Amino acid sequence: MTQAIHPLLLCGGSGTRLWPLSRKSYPKQFTRLTGEESLFQMSARRLAGEGFAPPIVVTATDFRFVVTEQLAAIETVAKATLIEPEGRNTAPAVLAGALVLAEQSPGALMLVAPSDHVIPEPERFREAVRAAVPAAEKGQLVTFGIRPDRAETGYGWLALSERPDADFRPVPQALKAFVEKPDADTARAMLEGGEHLWNAGIFLFSTDAIIAAFERYQPAMLEGVRKALAQAEIDLGFTRLAPEPWSGLQDISIDYAVMEKAPNLTVVPYAGGWSDLGGWDAVWRDSGPDDAGVVRSGPATAIDCRDTLLRAEDGQQPLVGIGLVDVIAVAMPDAVLVAHKDRAQDVRKAVAALKEQGVPQAETLPRDYRPWGWYESLAVGSRFQVKRIHVHPGGSLSLQSHHHRSEHWIVVEGTAKVTVDDEVRLLTENQSVYIPLGAVHRMENPGKMPMVLIEVQTGSYLGEDDIIRYEDVYARGQGARG
């Protein structure tokens, strides 16, 4: 490889088709769906090592600390993290990454990759990327085509200029055309014909080539993204793109915006395993069903079931399936999904229906992740709420007060450094402290182990937006998240 490849990891999507595990507040790329690491972490690992530079990450403001924490857990630091004011699809995100990289490393090669895909043979994929480098260095916009194993109607396809060789080696060739998501008959014909591949949405090109393509086909977007970067704010090492120019950008994918119009297109066939985990049927398929076609996760029990996914996310909540065939059952502490496997793509309809009804589970998990750790509600009443709060080593909540509630903290694990007005003291396991209404307070974890406490709130209003922040090491401002 003659020059380093700079990964651009896209991780701002909501993943509604994997509800209730994936929700707007914590989408699928940050969850552990198929292993001990999240899809985002596996993506970062896959695009690391010899020949790869640290990644540039594009994400949403709510996930900026999740990104940092998950990268740190795999001993990786992003080259830059760009915060989108709102999701505008992949074209503006890719362009923003290209402009930032071009400023730092003119003419560099950029590998665009969604962060929610599963590619079980990382070295084999890296070989395909290395095979694409010469074409990208010559100014080609390179896409990677996946060898199809079924007549899939949920993916876009790529039409080749010639059949791949018998060994399906990653040999670059001219791309004939992009094909929209087909109907079943067209998908079968393309599968049987052998001259079409799945479109993985992964691209390699130089910053010069992709910026030139935007200049030719999307000049208004290029101008808007440049303004969003010029007016961006640096916040604790994150680059917050300016909201006003960003909000005026067209909501469009990189495929529609540029790739389908450009003449300098190359495709590299890839024969290894790949999945975008675009639904629970894909999770079932890629999780290795047993001889009966059953996949179980967590405390799940299958009795006389066939071709079924049983997934229980709470260790204290057993899930039992009896006589199920072609069924998906996913149990969370606050929501349960039961669907026929053939209707997996309709899960988004359930999310839309719940949103219309104002059900909070449509978009939020019971566990809420923050830069210092996480909390979850254990019990809620008309004038009280009980939470479990987990604070990472070195983590610190903001110095704050509340208008409408008082709080009682009981430490159950670790040591807490507690500030209440002018008093600062250490609390260890089984010790507690009362926070009167209006008191200025903070909790910190000064130790090297996680600190866990139980918080009992009482008052007339218990919403997360009843927070006045006076100091915050994470610069979140006012409000529930800031």
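Since the structure is predicted, the reported quantities are computational estimates derived from the model, not experimental observations. (Residues numbered from 1 in each chain as written. Predicted model: local features only at pLDDT ≥ 70, side-chain atom pairs only at ≥ 80, totals over all residues. Heavy atoms only, no water.)

1. A word on the side chain of serine 275
And step 1. In this structure, serine 275 sits in the loop between β11 (265-270) and α10 (280-286).
And step 2. Taking relative accessible area as the criterion, serine 275 reaches 3% and is therefore assigned buried.
And step 3. Polar side-chain contacts of serine 275 include one of 2.9 Å to the side chain of aspartate 286.
And step 4. In this structure, serine 275 is in contact with His117, Val118, Ala282 and Asp286, ignoring residues within four places of it in sequence. (Helix = DSSP H or I, 4+ residues; strand = E, 2+ residues; numbered from the N terminus. Buried < 20%, exposed > 50% of the residue type's maximum accessible area, 1.4 Å probe, protein only. Polar contact = N/O pair within 3.5 Å; in protein donor to acceptor, adjacent residues only side chain to side chain. Contact = heavy atoms within 4.5 Å.)

2. Here we look at helix α6 (residues 207-217)
And step 1. Among the residues of α6, those classed as buried are Thr207, Ala209, Ile210, Ile211, Ala213, Phe214 and Tyr217.
And step 2. For α6, the secondary structure elements touched by its buried residues are α3 (90-104), β5 (141-146), β8 (196-206), α7 (219-230) and α9 (254-259).

3. Describing the packing of α3 against α7
And step 1. Between α3 and α7, whose axes approach to 10 Å, the crossing angle comes to 60°. The orientation of α3 relative to α7 falls into the category oblique. Handedness of the crossing formed by α3 with α7: right-handed. Only Met221, Leu222, Val225, Arg226 and Leu229 of α7 make contact with α3, whose side of the interface consists of Ala91, Pro92, Leu95, Ala96, Leu99 and Val100.
And step 2. Classifying every residue of the contact of α3 with α7 by side-chain character gives 10 nonpolar, no polar and one charged. (Axes fitted to C-alpha atoms, helices over the stretch in contact; angles between N-to-C directions. Parallel < 35°, antiparallel > 145°, perpendicular 65-115°, else oblique. Left-handed = near helix turned anticlockwise from the far one by under 90°. Nonpolar A, V, L, I, M, F, W, Y, C, P; charged D, E, K, R; others polar.)

4. A few points about the UniProt feature "domain: MannoseP isomerase/GMP-like beta-helix" (unreviewed entry) in the protein
And step 1. Following the UniProt record, one finds the feature "domain: MannoseP isomerase/GMP-like beta-helix" (unreviewed entry) at residues 302-354.
And step 2. Annotated as residues 302-354, this span is 15% helix and 38% strand, and its ends, taken at the C-alpha atoms, are 28 Å apart. (UniProt positions renumbered as here; feature names shortened; annotations may be inferred.)

5. Examining the packing of aromatic side chains
And step 1. This model, assessed by the stated rule, comprises 12 aromatic pairs.
And step 2. Ring plane angle 90° and centroid distance 5.4 Å describe the contact between phenylalanine 65 and phenylalanine 238, whose orientation is recorded as edge-to-face. One end of the pair, phenylalanine 65, is in helix α2 (residues 64-73); the other, phenylalanine 238, is in strand β10 (residues 238-240), with 173 residues separating them in the sequence. Residue phenylalanine 65 shares its accessibility class with phenylalanine 238, and that shared class is buried.
And step 3. Look at phenylalanine 65 and tyrosine 474: their rings are 5.4 Å apart centre to centre, the planes differ by 75°, and that puts the pair in the edge-to-face class. Residue phenylalanine 65 is found in helix α2, and its partner tyrosine 474 is found in the segment after β28 (468-471); the two are separated by 409 residues along the sequence.
And step 4. Look at phenylalanine 65 and you get buried, because its relative accessible area is 16%.
And step 5. Tyrosine 474 gets classed as buried once you look at its relative accessible area, which sits at 13%.
And step 6. Site record: aromatic cluster; members linked through ring pairs are Tyr26, Phe30, Phe40, Phe63 and Tyr369.
And step 7. Its guanidinium or amino end placed over the ring of phenylalanine 168, arginine 147 lies 4.8 Å from that ring's centre, counting from NZ or CZ.
And step 8. Here the guanidinium or amino end of lysine 341 rests over the ring plane of tryptophan 284, the centre of that ring lying 3.8 Å away. (Phe/Tyr/Trp six-rings, centres within 6.5 Å; stacked < 30°, edge-to-face > 60°. Lys NZ or Arg CZ within 6 Å of the ring centre and 35° of its normal.)

6. Description of the sheet that holds strand β14 (residues 309-312)
And step 1. Taken together, four strands build an open sheet; the order of strands is β12-β14-β16-β17 and the sheet is mixed. Across the chains shown, the open sheet's two edge strands, defined by having one partner strand only, are β12 (295-297) and β17 (336-340). Taken pair by pair, the neighbouring strands of this sheet meet at an average axis angle of 0°, ignoring direction.
And step 2. In this sheet, β14 lies alongside β12 in parallel orientation, the contact comprising three bridges. Residue serine 297 lies in a different strand from β14, and its bridge partner there is arginine 311. (Pairing = 2+ DSSP bridges.)

7. Comments concerning the UniProt feature "domain: Nucleotidyl transferase" (unreviewed entry) in the protein
And step 1. Summarizing the sequence annotation, UniProt attributes the feature "domain: Nucleotidyl transferase" (unreviewed entry) to residues 7-285 in the numbering used throughout.
And step 2. For residues 7-285, the end-to-end C-alpha separation is 28 Å, with 35% helix and 22% strand making up the annotated structure.

8. Brief notes about the packing of α3 against α6
And step 1. Across the interface, α3 lies against α6 with an axial gap of 10 Å and an inter-helix angle of 130°. Here α6 runs oblique to α3, going by the angle between their axes. In this structure, the crossing between α3 and α6 has a hand that is left-handed. Here Ala91, Leu95, Ala98, Leu99, Leu101 and Ala102 of α3 lie close against α6, whose contacting residues are Thr207, Ile210, Ile211 and Phe214.
And step 2. Considered class by class, the residues forming the contact of α3 with α6 number nine nonpolar, one polar and no charged.

9. A few points about the pairing of strand β20 (residues 384-391)
For a regular strand, the rule is simple: side chains alternate between the two faces of the sheet.
And step 1. In terms of residue burial, β20 counts as a mostly covered element, since six of its eight residues are buried.
And step 2. Of the pairings in the sheet, the one linking strand β19 (residues 373-380) to β20 comprises seven bridges and is antiparallel in character. Bridge pairing links tyrosine 375 to isoleucine 389 in β20.
And step 3. Linking β19 to β20, which pair antiparallel, is a turn of three residues.
And step 4. Bridge count between β20 and strand β27 (residues 451-459): eight bridges; the pairing is antiparallel. In the strand pairing of β27, lysine 387 is matched with glutamate 455.

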